[in-house]
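Understanding the architecture of this molecule
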Amino acid sequence: LDGTIFVEGNLFDVDFSAQRENILPNSARPANSSRVFYGIMMDAGSTGTRIHVYSFIQEDPDGLPYLHNETFHSEEIGLSSYVNTPEEAGKLVRELLKVATSAVPRAMWHKTPLVLRATAGFRLLPADKAHVLIEEIKEVFSQSPFLVTSRSVSIIDGTYEGILAWVSLNFLMGHLHVDMKRSAGVLDLGGASTQISFLPKCQKTVNKAPTDHVAKLEILNTTYLLYTHSYLKNGLKVARLLTLGALGDADPGKKVFKSLCLPKNYSDNYTFGGITYEVRGNINGYNGYETCYKEVLKAIKGSVRKPYNVHENMFHAVAYYYDMAKDSGLIEGSQDEHVEVKRFKKKAKEVCGDKSKDHYGKPFDCMDLTYITALLTEGFGFQDSVGLQLTKKVKGFESSWALGAMLEYLHKVRIP
Ligand SMILES: O=c1[nH]cnc2c1ncn2[C@@H]1O[C@H](COP(=O)(O)OP(=O)(O)O)[C@@H](O)[C@H]1O
Ligand SMILES: [Ca+2]
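Calculation criteria
- Residues numbered from 1 in each chain as written.
- Chains lettered and ligands numbered in written order.
- Predicted model: local features only at pLDDT ≥ 70, side-chain atom pairs only at ≥ 80, totals over all residues.
- Domains from an automatic or database assignment.
- Contact = placed C-beta atoms within 7 Å.
- Nonpolar A, V, L, I, M, F, W, Y, C, P; charged D, E, K, R; others polar.
- Buried ≥ 20, exposed ≤ 12 C-beta atoms within 10 Å, placed from the backbone.
- Helix = DSSP H or I, 4+ residues; strand = E, 2+ residues; numbered from the N terminus.
- Near = placed C-beta within 6 Å.
- Axes fitted to C-alpha atoms, helices over the stretch in contact; angles between N-to-C directions.
- Left-handed = near helix turned anticlockwise from the far one by under 90°.

Once that is clear, we can look at the domain arrangement of the protein chain. What the domain assignment lists for the protein chain is domain 1 (12-161 + 397-412) and domain 2 (236-394). With 11 residues of domain 1 at the contact, the number on the domain 2 side is 8 residues. Its residues assigned to classes, the side of domain 1 that touches domain 2 shows 3 nonpolar, 7 polar and 1 charged.

Written out as structure tokens, the structure reads:
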């Protein structure tokens, strides 16, 4: 299994000039026709930190590798919340690396790339604070036994994240290997940002889109134009702050933020990105779906764009779309459940109207389900009757941009 591991050039070519950096020269094609190799991708999300240890099989040096196995572990704290305690972030990364040292055979450690990509939680941090955290992670990485380069740790931009999520899903479904016409779009709802990515069925969708909503992607020597966009601050947890009118407040510690989406007698602290806000229900108002809907629109109106003819495309909805549907009982949590948009609305109405929910320890359910309904309809323009595929895993593998990020990384790196 020694020698060179190199996913052949041009097979998988994401065109992002800003991200392009060839660290090592391209190698000659490996002599063996079949080989196994590993890759470690950490996802520094705004609400969690995850490690994916992949093993791939490269049977055809001219094709894409196959994903053989994934070892996955997740901790429910975002590294970006350690904004004022970077050494804690380092500790968590060190802890997660233990998953990799047990999943990758020792003999392969030195040639297994170790990569971390951070998303919207980091994008929202002041640049100097994000830099300190990134340096801390780089330091921990440099002490690991894995293959680390200058590209190993970075914050990815939202467009990149959206494309990689699309690549991951369609790679896992086998469409990249075979039939791109059957590709599915991805709706990813994170804590701090949300992405929409799809290969439009209709040319007009591309023609009518602003240029920064279209990205070029080259796979197996064919160029595709993806409609893709990331909305920073439209992730579920940050949308709560927008709804409460709390995001960006100069002195959040001195105020109380109220919402009609919360139970009337609710009063608690809400912490996101290292800042704590005092949050309450509105004792004097009518709290129900309709009033809540008007409030959540603050987070959507004027910021989220409707793609032309979006309903012509099939979408998988991942991350918080899935988690919220499951936690609220909309789906059972078995794989690939098809849910019409109107069922999110119905569930939101049910939860917002249920006064006994005050006591069930999920005070944000009304706000979150209403926000998801508004994002899908008022934001992206999905009609009530449109069905979405709610997805957590595909063929037993996590549906996350992390896999696409690993494939993209492997494409450029020669492993000596
Ligand atoms: O590997 C994964 N598989 C499935 N869901 C994931 C994975 N990683 C993150 N998620 C989901 O993403 C959501 C959290 O978003 P995240 O913390 O990544 O915020 P961000 O994307 O805005 O940075 C949760 O619903 C979580 O279950
Ligand atoms: Ca995410």
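A few words on helix α8 (residues 320-327). Along α8, the residues classified as buried are Tyr320, Tyr321, Tyr322, Met324 and Ala325. Where the residues of α8 are buried, they touch β7 (185-189), α6 (236-244), β14 (315-319), β15 (337-340), α10 (365-379) and β16 (387-390). Gly329 lies just past α8 and shows a positive phi near 85°.

Right, let's talk about the site of ligand 1 for a bit. Every one of the 22 residues lining ligand 1 counts as a neighbour, but Gly45, Thr47, Gly190, Ala319 and Ser400 are closest to it. When contributions to the shell around ligand 1 are tallied by element, the ones reaching two or more residues are α2 (120-123) and α8. Partitioning the shell around ligand 1 into residue classes produces 4 nonpolar, 13 polar and 5 charged. Mapped onto the domain boundaries, the shell around ligand 1 takes at least three residues apiece from domain 1 (12-161 + 397-412) and domain 2 (236-394).

In helix packing, the relevant descriptors are the interaxial angle and the interaxial distance, both defined with respect to the helix axes. Following both chains from N to C, one finds helix α1 (residues 86-103) and helix α3 (residues 127-142) inclined at 35°, their axes separated by 9 Å at the closest point. Helix-helix and strand crossings are classified by hand; for α1 and α3 the assignment is right-handed. Between α1 and α3, the contacting residues are Pro86, Glu87, Ala89, Gly90, Val93 and Arg94 on the first element and Val132, Leu133, Glu136, Ile137, Glu139 and Val140 on the second. Each residue belonging to the contact of α1 with α3 can be placed in one class, and the counts come to 7 nonpolar, 1 polar and 4 charged.

To continue, consider unusual backbone geometry. The backbone of Lys233 shows a phi angle near 80°, a positive value even though the residue is not glycine. Locating Lys233 in the fold gives a position in the loop between β10 (222-232) and α6. The partly exposed category is assigned to Lys233, around which 18 C-beta atoms lie within 10 Å. Of note, Asn309 is a non-glycine position whose phi angle comes to about 55°, a positive value. With respect to the helices and strands, Asn309 occurs in the loop between α7 (289-296) and β14. Given 15 C-beta atoms within 10 Å, Asn309 falls into the partly exposed group.

Each C-alpha atom, one on Lys233 and one on Cys292, is 19 Å from the other, the two residues being 59 residues apart in sequence. Beyond its immediate stretch of four places on either side in the chain, Lys233 contacts Ala192, Val238, Leu242 and Leu247.

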